[in-house]
Amino acid sequence: MHFNLFVLPFTAGMIILSLLLTYRYIKWLIDLESGDLKRIGSKILSIKTLKALREIFMESLIHRKVFRNNILLGYMHMSLAFGWFLLIVFGKLETLFYTGRQANEIYYPVFFRFFEQNPHQTGMLIIFNAVMDFLLLMVLSGIVVAILRRFRPGIAGMKKTTKHSLGDRMALAALWLIFPLRLLAESATAGYSGNGSFITQPFGNFMHLFLPLQQLSIVFWWMYSLSLGAFMISIPFSRYMHIPTEILLIFLRNWDLKTNENFTGFSEIEVQSCSRCGICIDTCQMSSQGKNNTAQMVYFLRDYRYKQLQPDLTDNCLLCGRCTAACPVGIDLTQQRILQRKKNAFKLPQGFHYLPVNQPSGEADVIYFAGCMSHLTPGITLSMEKIFKAAKVNYLFMDRDGSVCCGRPLKLSGQHEAAKKLVEHNRQQIILSGAKTIVTSCPICYKSFREDYHMNIRVLHHSEYLNELIQKKKIAPLPSGKSVVFHDPCELGRGSGIYEQPREVLNHFAELRPIYQEKENALCCGGSLGNLSIVPEERCAIQKATAKYLETAHAEVIATSCPLCKKSLAQYSDTPVKDIAELVAASLTVVAENPKILKHHKVQEMVEIV
Amino acid sequence: MKDWGYSILKGRQIDIENNDFSISRFVAQHEPSFKWCIGCGSCTATCSAARLTGFNPRKINLLIHRGETTNLAEEISKCMLCGKCQLVCPRGINTRNVIQNIKRALNNCHAL
Ligand code: SF4
Ligand code: SF4
Ligand code: SF4
Ligand code: SF4
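Everything numeric in this text was worked out from a predicted model, so none of it was measured.

### Topic: the overall build of chain A
In step 1: Of the regular secondary structure elements, chain A holds 29 helices and eight strands.
In step 2: Along the first, second and third principal axes, the C-alpha atoms of chain A reach 100 × 50 × 45 Å.
In step 3: By residue count, 59% of the 610 residues in chain A fall in the buried class.
In step 4: Considering only residue pairs separated by 6 or more positions, chain A has 74% of its internal contacts joining residues 24 or more positions apart.
In step 5: Here chain A has roughly 26,100 Å² of accessible surface; of this, 62% comes from carbon and sulfur atoms.

Written out as structure tokens, the structure is:
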């Protein structure tokens, strides 16, 4: 049996960590949504488990997504995680090889060089030792980047690293110390016993020149063990809890679990998986264009973890989803925010008794629902009507006289119960019409119809619908040759995954210019209804910055497909801002005014109506 | 007391001494733009709820400023939070957050 008193801190840390982790894992699994456990049971023996393993390798060890964000930052994460992982694996293999026994004391591989001071290494052991030295070097290089980054924040990509709590600082200090201490301890032992490899041996020999290593080495081993023990005990109380949790998260996500309408054990796992990498800070326009450096998701999750979350902070977020798109852990951040708002929901009397009784309003094939905001941009609704007529569609303008809100704004503010009343009202009204398709001009309504209305009806945003009309040759916009740049509305793009349809529409008649931050990375127009408490000046700053950014594409027109985006951008843009419905309608009008073109376009009939 | 020949209509009287300004203070503290209102009524003109019922965000603002808060909870719950008022407000007031904070203030006193 190998033993020395200094193994105790490490061993104690290991046991405490295991117990705490088991306790937490079980608690989270109990808190899962009903049905989730069944889902896991049915998926656990499928290919999805292998996929999860692959993802764990790529994300938790290699940190592919962080690499994509920034190479140095990715290297830092990879060398620490993957290097450490390999140290454990090879350490285990080395002891297996050396003793020929499967089971050794849990601390034996960690302190292998202390227990086995045999200088006469042969064959495989030389290779093992060299590999271990190399891996140690790899981890140390990651630590160097981490330390540099702490003192020179700009160095590894992100402009702002996150502020840390006391527990985090302690864990961080322990983490930084572990590997330098390991180097010292192993080198010291190598210095007098000669069991080192290409790094530890020369370093040990060097120290041996002026230090009494025989006596000193035990001190280093003690310190190494203490730092390991301290780190492991601090894991459950610091951000490093994300390491064991993320692995669990990846499995559960691959087994099709997600955060739905309620905060469940899975949501808790998501929160705990945040590594505080800080990538969400720089993507957040409230920080890059506004002056808000406190409400980003990383702080929001941290405050929640430490039970210090304030409603003002929870409310202050555009729910634009830029952070969700960038988060390397893949946490559904916007949903997290909504669910915390839901917890703060008001207990007030129900106020929607005034909603009119649903009455049949005439049959139609297609229902057009403009949405509240579109009523403030009559250009959009007029254009849509023009297009419906041109395409000879039997349509019904459901909210011609004004809308009952789709309910999503209330839901975004966490008032789910109140929102349900509005949803139910509109839903009945839509179903009564007997239409097979509903088209809306507002991405907020669109997302709401798709996700909350549960209707047996096709739900289309007008950008999809226009694309369909063009493809079916119901309308034929005339090429204008104008250059346009497209602004992706948050709720339509990141929110609903509609990126290509509006671009296809534009490509039919205009020259579409690319811009660097588009699609998943598109900026938010700043007008978002998701943020209740942003100060007006900051909202304006974001609106302005986004408008100016779009102008850098030097297109003749900025196109978008959301009334709110249009309004937000138009205030600050010198380039005209148009909804794609307006552009399509205008290109039809051109045909009407130039009958000569008609022969080429076979749209005679259609244009008469226009 | 001298009779000047005038009388006070109870309904038009603003009773500064006895009115409740706590909500007004709470909202102004949490959403300072609340104080910028000039009572132009654009919000009410465009309001989605006002089209269907006697809801009136301008009036609510005014009454809160005056400390007249009877029936406020029922009234404010009529808002759909659609945000039209915010887009038309010429003063750039964060109207939705005003409404949110009125609700929060009411919620807090109910909780007490
Ligand atoms: S939320 Fe995601 S992006 Fe933000 S710090 Fe956490 S892991 Fe990184
Ligand atoms: S959703 Fe948008 S505004 Fe909110 S934290 Fe993420 S990036 Fe910032
Ligand atoms: S947010 Fe409320 S007050 Fe404002 S327009 Fe909509 S329903 Fe009316
Ligand atoms: S639109 Fe703005 S300034 Fe005018 S009454 Fe409404 S809140 Fe006040």
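### With respect to the domain arrangement of chain A
In step 1: Per the domain assignment, the segments of chain A are domain 1 (16–244), domain 2 (259–344), domain 3 (366–469) and domain 4 (477–601).
In step 2: Averaged C-alpha coordinates put domain 1 of chain A and domain 4 of chain A at centres separated by 49 Å.

### Quick look at the site of ligand 2
In step 1: Taken together, A:Cys284, A:Met297, A:Cys317, A:Leu318, A:Leu319, A:Cys320, A:Gly321, A:Arg322, A:Cys323 and A:Arg337 make up the full set of residues adjacent to ligand 2.
In step 2: Looking at the shell around ligand 2 residue by residue, the class counts come to seven nonpolar, one polar and two charged.

### Details of the site of ligand 3
In step 1: Inspection of the region around ligand 3 gives 13 residues, with B:Cys47, B:Cys79, B:Cys82, B:Gly83 and B:Cys85 positioned closest.
In step 2: Looking at side-chain class alone, the shell around ligand 3 contains ten nonpolar, two polar and one charged residues.

### Considerations on the environment of A:Ile16
All names here are of chain A.
In step 1: With respect to the secondary-structure elements, Ile16 resides in helix 1 (residues 7–30).
In step 2: Residue Ile16 is classed as partly exposed on the basis of its relative accessible area of 35%.
In step 3: With 216 residues separating them in the primary sequence, Ile16 and Met232 have C-alpha atoms 8.1 Å apart.

### Regarding the sheet that holds strand 5 (residues 483–486) of chain A
All names here are of chain A.
In step 1: Pairing in this open sheet of four strands is parallel, and the strands run 6-5-7-8 from one edge to the other. Since the sheet does not close on itself, it has two edges, and those belong to strand 6 (511–513) and strand 8 (577–579), each with one partner. Shown here is a sheet whose adjacent strand axes are inclined to one another by a mean of 40°, direction ignored.
In step 2: Inspection of the sheet shows strand 7 (residues 557–560) paired to strand 8 by three bridges, in the parallel sense.

### Things to note about the interface of chain B and chain A
In step 1: With 32 residues of chain B in contact, the opposing surface of chain A contributes 37 residues.
In step 2: Across the chain B/chain A interface, buried area totals approximately 2,800 Å², and carbon plus sulfur atoms make up 60% of it.
In step 3: On inspection of chain B and its partner chain A, the count reaches two salt bridges.
In step 4: Here B:Arg104 and A:Asp312 are joined by a salt bridge, their closest N and O atoms 3.6 Å apart.
In step 5: For the side of chain B that touches chain A, the secondary-structure elements that each account for two or more residues are helix 4 (72–76), helix 5 (84–88) and helix 6 (95–111) of chain B.
In step 6: Of all the elements, helix 6 of chain B adds the most residues to the side of chain B that touches chain A, at seven residues.
In step 7: Per-class residue counts for the side of chain B that touches chain A are eleven nonpolar, 13 polar and eight charged.

### So, the side chain of A:Gln415
In step 1: Tracing the backbone shows A:Gln415 in the loop between helix 20 (408–412) and helix 21 (416–432).
In step 2: Setting aside residues no more than four positions away along its own chain, A:Gln415 makes contact with A:Phe346, A:Leu410, B:Leu81, B:Gln100 and B:Lys103.

### Points about the packing of aromatic side chains
For any two aromatic rings, the description comes down to two numbers: the centre-to-centre distance and the angle of the planes.
All names here are of chain A.
In step 1: Inspection of every chain in the model, using the stated rule, returns 31 aromatic pairs over all chains.
In step 2: Ring geometry for Tyr98 versus Phe112: centroids 5.3 Å apart, planes at 85°, classification edge-to-face. Placement of Tyr98 in helix 5 (residues 71–99) and of Phe112 in helix 6 (residues 112–115) is noted, with a sequence separation of 14 residues between them.
In step 3: For Tyr98, a relative accessible area of 30% corresponds to the partly exposed category.
In step 4: The structure contains a cluster of three or more aromatic residues connected by ring pairs, namely Phe3, Phe6, Phe10, Tyr98, Tyr107, Tyr108, Phe111, Phe112, Phe114, Phe115, Trp221 and Tyr224.
In step 5: Stacked on the ring of Phe300, the Lys or Arg Arg337 has its end atom at 4.4 Å from the ring centre.

### Re the sheet that holds strand 2 (residues 395–397) of chain A
All names here are of chain A.
In step 1: If you trace the four strands from one edge of the open sheet to the other, you get 2-1-3-4, paired in parallel fashion. Whereas interior strands pair on both sides, the edge strands pair on one side only; in this sheet they are strand 2 and strand 4 (458–461). Averaged over all neighbouring strand pairs, the angle between strand axes comes to 25°, with direction disregarded.
In step 2: Direction of pairing for strand 1 (residues 366–369) relative to strand 2: parallel, over a ladder of three bridges. By the bridge assignment for strand 2, Tyr368 is matched with Phe397.
In step 3: Across the sheet, helix 23 (residues 462–471) touches strand 1, strand 3 (437–440) and strand 4, and the angle it forms with strand 4 is around 95°.

### Comments concerning the pairing of strand 3 of chain A
All names here are of chain A.
In step 1: Residues Thr437 and Val439 point to one face of strand 3 and Ile438 and Thr440 to the other, with burial holding for every one of them.
In step 2: Summarising the sheet, strand 1 and strand 3 pair through four bridges and their orientation is parallel. Looking across to strand 3, one finds that Val366 is bridged to Thr437.
In step 3: Relative to strand 4, strand 3 is paired through four bridges, and the arrangement is parallel. Opposite Val439, over in strand 4, you have Leu460 as the bridge partner.
In step 4: In this fold, the crossover linking strand 3 to strand 4 by way of helix 22 (residues 443–452) has right-handed handedness.

Thresholds, definitions, all that
Residues numbered from 1 in each chain as written. Chains lettered and ligands numbered in written order. Predicted model: local features only at pLDDT ≥ 70, side-chain atom pairs only at ≥ 80, totals over all residues. Heavy atoms only, no water. Helix = DSSP H or I, 4+ residues; strand = E, 2+ residues; numbered from the N terminus. Buried < 20%, exposed > 50% of the residue type's maximum accessible area, 1.4 Å probe, protein only. Contact = heavy atoms within 4.5 Å. Areas by Shrake-Rupley, 256 points an atom, 1.4 Å probe, with all protein chains shown as cover. Domains from an automatic or database assignment. Near = heavy atom within 4 Å. Nonpolar A, V, L, I, M, F, W, Y, C, P; charged D, E, K, R; others polar. Pairing = 2+ DSSP bridges. Axes fitted to C-alpha atoms, helices over the stretch in contact; angles between N-to-C directions. Buried area = accessible area lost by both parts, 1.4 Å probe. Salt bridge = Lys/Arg side-chain N within 4 Å of Asp/Glu carboxyl O. Phe/Tyr/Trp six-rings, centres within 6.5 Å; stacked < 30°, edge-to-face > 60°. Lys NZ or Arg CZ within 6 Å of the ring centre and 35° of its normal. Right-handed = clockwise from strand over helix to strand, strands pointing away.

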